[in-house]
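Topology and contacts: notes
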Amino acid sequence: MKISCLRFSAILGGICVALLATPAAATVGSCDDPITFGTTISETGPFSTLSDRWRKMTEAFADEINKSGGIMVKACNKRVPLKFVIYDDQSVPATAVALYQKMASVDKVDFFVGPDWSAIGGPVAPIADRHKIPMVMGNVATPSIYERGLKYVWGTPYPVVPRWSERYFEMLKHVTPKPHSIFFITHDNPVMKAITGYWSKKAEAQGIKVVGSETFSQELKDFTALISKVRAAKPDIIYISSFDGPSVPLVQQMRQLKVHASDIHHTMLTGSLFRQVGKDIEGMTGELSWYPGVKGDYGDLVERVMKESDVNMFDYIWTLGRLSSYLVMVQAIEKAGAIDREKVRAALYKGTFKAPAGDIVFDEHGFPNTGAFTIQMQNGAVKVVWPSDVATGKMIWPSPSWQ
Amino acid sequence: MTIDTFVQVCIGGLLIGGLYALVAFGLSLIYGVVRVLNFAHGTLLAVSGTAASIMFAAWQLHPALIAVVLVPVVFAFGYGFYSILLQPLARRSPFEATVGTVLVTVGALLILSDLTAKFAGATQRNIPLRFHTIEVGNIVFSTTQLYILLGIAALSIAMHLMLKRTWFGRAIRAVTQDSIGAQLCGVRSERLKAMTFAFGSSAAAVAGVLYVMSFPVDPYMGFGLTVKAFTIIVVGGIGNLPGALIAGTLLGVAEGLTGLFWKPEWASAISVILLLLILVAFPAGFAKRRR
């Protein structure tokens, strides 16, 4: 009996040792296994409106890269296929944190790409440092997230706050009659508040007087009070710094309450906003990171991926930020010439990376230099109106529908 | 600030406050009779609003017709939900029953939200109906708002009459006051509870159709509305329709005036502040419950 107990314990112990010793996933950095990018997508939850088609898009991206054999790795002397490990973070930061921990320790992915939204990117980023896995985040645009001394974190949000409305304010220098006043309406969110903070200073510096600034919470549905203040201030420009969803009743009620201005500018003029407010959106201006047709590096690849996954840039305006995180990581591996996290990290620190909307260069914190085009809704269609050399339509100023 | 601005803000407050009151009244009725705090109540509004928006987009149906279609569906859902998931909990100990109902309704909130997001998308939706606007001086209000206000008033009167003049209404009030006494008088208490749960759910469905005509809905907005409805119930009194209307309107106008005189970002928080202030000043709420 004693012998059989000992034998049983020995077998059990052996199994435990074997299980612990066996890697749960492919060996990190191997030339014989695909390179794995670990990522989460907000497929459910509040952020899913912005990203619910990105799983298919991510798979289409891998297919496109693998068509030519994969990513060229010099140390392997061959192209190594790309594979994604994708989880749904449910738009919940705590879930995202647990999933990135799992990808680091159980799935043993080679690199991290793409978490989006500052609310998720903020808590997730330190995991990359803890496990020393380079991470190129997607749409995480809050500069302070990058300024925490993290060594393995980069990001490709489009556009970044200091360049968000750069082209719009550039355009304002060229319109007639010149705007003299601006009213900022801001969604209570870190990125949107940062945009208002930055661009209200720029407006003043450009000689456009800020005649009012109001912030509203995500839950606010009745904007009558806020709009009454805007009407009383009579600004030339109303600058709405908000995500698309929370501003739907604002735009509708501005129309209902007959607000007049030379232009209503919206930082997230999206297909979703258009579908919800319909004709109310006419004449409004906004930003778009990139649009099919603008020729740039990897533009064809991005167009094919979007087409295969039925993703439209106007509906999913953060798509370029997400895809650029993949593109940057692919290029970093090629530059490093090895599936080696430290070498890839070094490549990310010093490289210039190609993307459809122009080169991406990171500052010392891993924050990029990405900008956006100025668009205007004209007869129910999106027209790029600035810069003039790539414009698909002429800016209509002042906007007749808001007169 | 001019008087026009003040009136304008009050009109907006009346509209949203009336919608809050409708949501609260269904919830209040359910709690009064069934003694279940239905955390999924606001989510029913969100789901109904989403369904209404989809029906409008697909077939351009008139919102009143959409409400006529949705009410029996949501009624049946409410009846089934109570009978299958909540009624069995009544056989448990009071503690288990209370915890169980919270778990079931919170679970329903999460499942309904995610299912709606899965099948209808998580994007906000509304019914983009635009009737013409009426201008009186600087005050502008749309006839859409007017129709919604009329809808709220008509529904409130109908529900009030139903509670006061019909057997069903009298039975509801009897069970609210004394469940065992009502049973002794021939009221089939369990069936009535299921009917009340279904009726309260239908009220949320109608509120959803009215809500989505003026404000966007999304699958995840329900809990915030439920919290506001709880506030209104506490202030207005359980099962008290006029009390709910007064409290709802007060809340809506208070939110608007907070935005006007202070900051719009504080408008949502005002419900909690208001609740605390009123509970200090009127511990029994605006309407004392009759026993």
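This one's a predicted model, so the numbers in the text were calculated from it and none came from an experiment. (Residues numbered from 1 in each chain as written. Chains lettered and ligands numbered in written order. Predicted model: local features only at pLDDT ≥ 70, side-chain atom pairs only at ≥ 80, totals over all residues.)

This part takes up the sheet that holds strand β6 (residues 135-137) of chain A. Residues and elements named next belong to chain A. Ordered by their spatial adjacency, five strands build an open sheet running β4-β1-β5-β6-β7, and the pairing between neighbours is parallel. Among the strands making up the open sheet, the edge pair consists of β4 (82-88) and β7 (153-155). Averaged over neighbouring strand pairs, the angle between their axes works out to 20° when direction is ignored. Where strand β1 (residues 35-41) lies against strand β5 (residues 111-113), two bridges are found, and the strand directions are parallel. Residue pairing across strands places F37 opposite F111, the latter belonging to β5. Contacts between helix α4 (residues 93-105) and the sheet are confined to β1, β4 and β5, with β1 contributing the most and set at about 170° to the helix. (Pairing = 2+ DSSP bridges. Helix = DSSP H or I, 4+ residues; strand = E, 2+ residues; numbered from the N terminus. Axes fitted to C-alpha atoms, helices over the stretch in contact; angles between N-to-C directions. Contact = placed C-beta atoms within 7 Å.)

Our focus in this paragraph is the interface of chain B and chain A. Taken together, the contact between chain B and chain A spans 31 residues of the former and 28 residues of the latter. Elements that contribute at least two residues to the side of chain B that touches chain A include exactly α1 (3-34), α4 (94-120), β2 (139-142) and α10 (241-261) of chain B.

Another aspect to go through is the nonpolar core. Residues M135, I238, L288, M329 and I333 of chain A are the most contacted members of the largest nonpolar core, which totals 135 residues. In terms of residue count, the dominant contributor to this core is helix α13 (residues 319-336) of chain A (ten residues). Excluding residues that lie within four positions of it along the chain, I333 of chain A makes contacts with I35, I71, V73, I339 and V344 of chain A. Core analysis: the second largest hydrophobic core is formed by 75 residues, I30, M159, A205 and L210 of chain B among them. (Core = buried A, V, L, I, M, F, W, Y, C linked by C-beta atoms within 7 Å. Buried ≥ 20, exposed ≤ 12 C-beta atoms within 10 Å, placed from the backbone.)

With that settled, consider the confidence of the model for chain B. Regions with low pLDDT should not have their predicted coordinates read in detail. All names here are of chain B. Per-residue pLDDT for chain B averages 87, and the proportion of residues at 70 or more is 97%. No element of chain B has a lower mean pLDDT than β2, which averages 80, and none a higher one than helix α3 (residues 63-86), which averages 95. ipTM for the predicted complex: 0.77, alongside a pTM of 0.77. (pLDDT = per-residue confidence, 0-100.)

Residues and elements named next belong to chain A. With 13 residues, α4 extends 18 Å between its outermost C-alpha atoms, agreeing within 8% with the 18 Å of an ideal straight helix rising 1.5 Å per residue. All buried positions along α4 are accounted for by A96, L99, Y100 and M103. Viewed along the axis of α4, the buried residues span an arc of 100°, placing them on a single side of the element. More than 90 degrees from the buried face of α4, the exposed residues found are A94 and S105. Here the buried face of α4 lies against β1, β4, β5 and α5 (118-131). (Expected span 1.5 Å × (residues − 1). Arc of directions from axis to C-beta.)

Moving on: the sheet that holds strand β10 (residues 237-241) of chain A. Residues and elements named next belong to chain A. With respect to topology, seven strands assemble into an open sheet ordered β9-β8-β10-β11-β12-β15-β16, the strand pairing being mixed. In the strand order of this sheet, the two ends are held by β9 (209-216) and β16 (381-386), each with one partner. Within the sheet, the average angular offset between the axes of one strand and its neighbour, ignoring direction, is 25°. In the sheet, strand β8 (residues 181-187) pairs with β10 via five bridges, with the strands oriented parallel. Of the residues in β10, the one forming a bridge with I185 is I240. Packing of helix α8 (residues 190-205) onto the sheet brings it into contact with β8, β9 and β10, and relative to β8 it is tilted by some 170°.

All names here are of chain B. Between helix α5 (residues 143-165) and helix α6 (residues 167-177), the shortest axis-to-axis distance is 5 Å and the interhelical angle comes to 75°. Of the possible angle classes, the one that applies to α5 and α6 is roughly perpendicular. Between α5 and α6, the residues in contact are M162, L163, K164 and R165 and F168, G169, I172 and R173, respectively. Tallied by class, residues from the contact of α5 with α6 come to four nonpolar, one polar and three charged. (Parallel < 35°, antiparallel > 145°, perpendicular 65-115°, else oblique. Nonpolar A, V, L, I, M, F, W, Y, C, P; charged D, E, K, R; others polar.)

This part is about the environment of V385 of chain A. All names here are of chain A. Within the secondary structure, V385 is located in strand β16. On the neighbour-count criterion, V385 (22 C-beta atoms within 10 Å) is buried. When the C-alpha positions of V385 and I375 are compared, they lie 5.4 Å apart, and in sequence the two are ten residues distant. When neighbours within four sequence positions are excluded, V385 is seen to be in contact with T374, I375, Q376, A391, G393, K394 and M395.

Attention shifts here to the pairing of strand β11 (residues 263-266) of chain A. Residue and element names in this part refer to chain A. Alternating residues of β11 divide into D263 and H265 and I264 and H266, and every residue in both groups is buried. Between the parallel pair β10 and β11, the chain is carried across by helix α10 (residues 248-256), and the sense of this crossover is right-handed. Where β11 and strand β12 (residues 285-288) come together, two bridges link them in parallel fashion. Counted as the bridge partner of H266 is G286 from β12. (Right-handed = clockwise from strand over helix to strand, strands pointing away.)

Taken N-terminus to C-terminus, the directions of helix α9 (residues 224-233) of chain A and α10 of chain B make an angle of 30°; their axes are 7 Å apart at the nearest point. On the basis of their axis angle, the class for α9 of chain A and α10 of chain B is roughly parallel. Taken as a pair, α9 of chain A and α10 of chain B cross one another with a handedness that is right-handed. Within the contact between the two elements, α9 of chain A uses T224, A225, L226 and S228 of chain A and α10 of chain B uses G256, G259 and L260 of chain B. (Left-handed = near helix turned anticlockwise from the far one by under 90°.)

Looking now at the pairing of β9 of chain A. The side chains of a regular strand alternate, first on one face of the sheet and then on the other. All names here are of chain A. Pairing of β8 with β9 involves seven bridges; the strand directions are parallel. Its bridge partner being in β9, I185 is matched across the sheet by E214. In the classification by handedness, the crossover that spans β8, the intervening α8 and the parallel β9 is right-handed.

Turning next to the domain arrangement of chain A. All names here are of chain A. For chain A, the assigned domains are domain 1 (35-159 + 292-361) and domain 2 (163-288 + 373-402). The distance between the C-alpha centroids of domain 1 and domain 2 comes to 30 Å. Taken together, the contacts link eleven residues of domain 1 with 14 residues of domain 2. Of the residues assigned to the side of domain 1 that touches domain 2, the class counts are six nonpolar, four polar and one charged. (Domains from an automatic or database assignment.)

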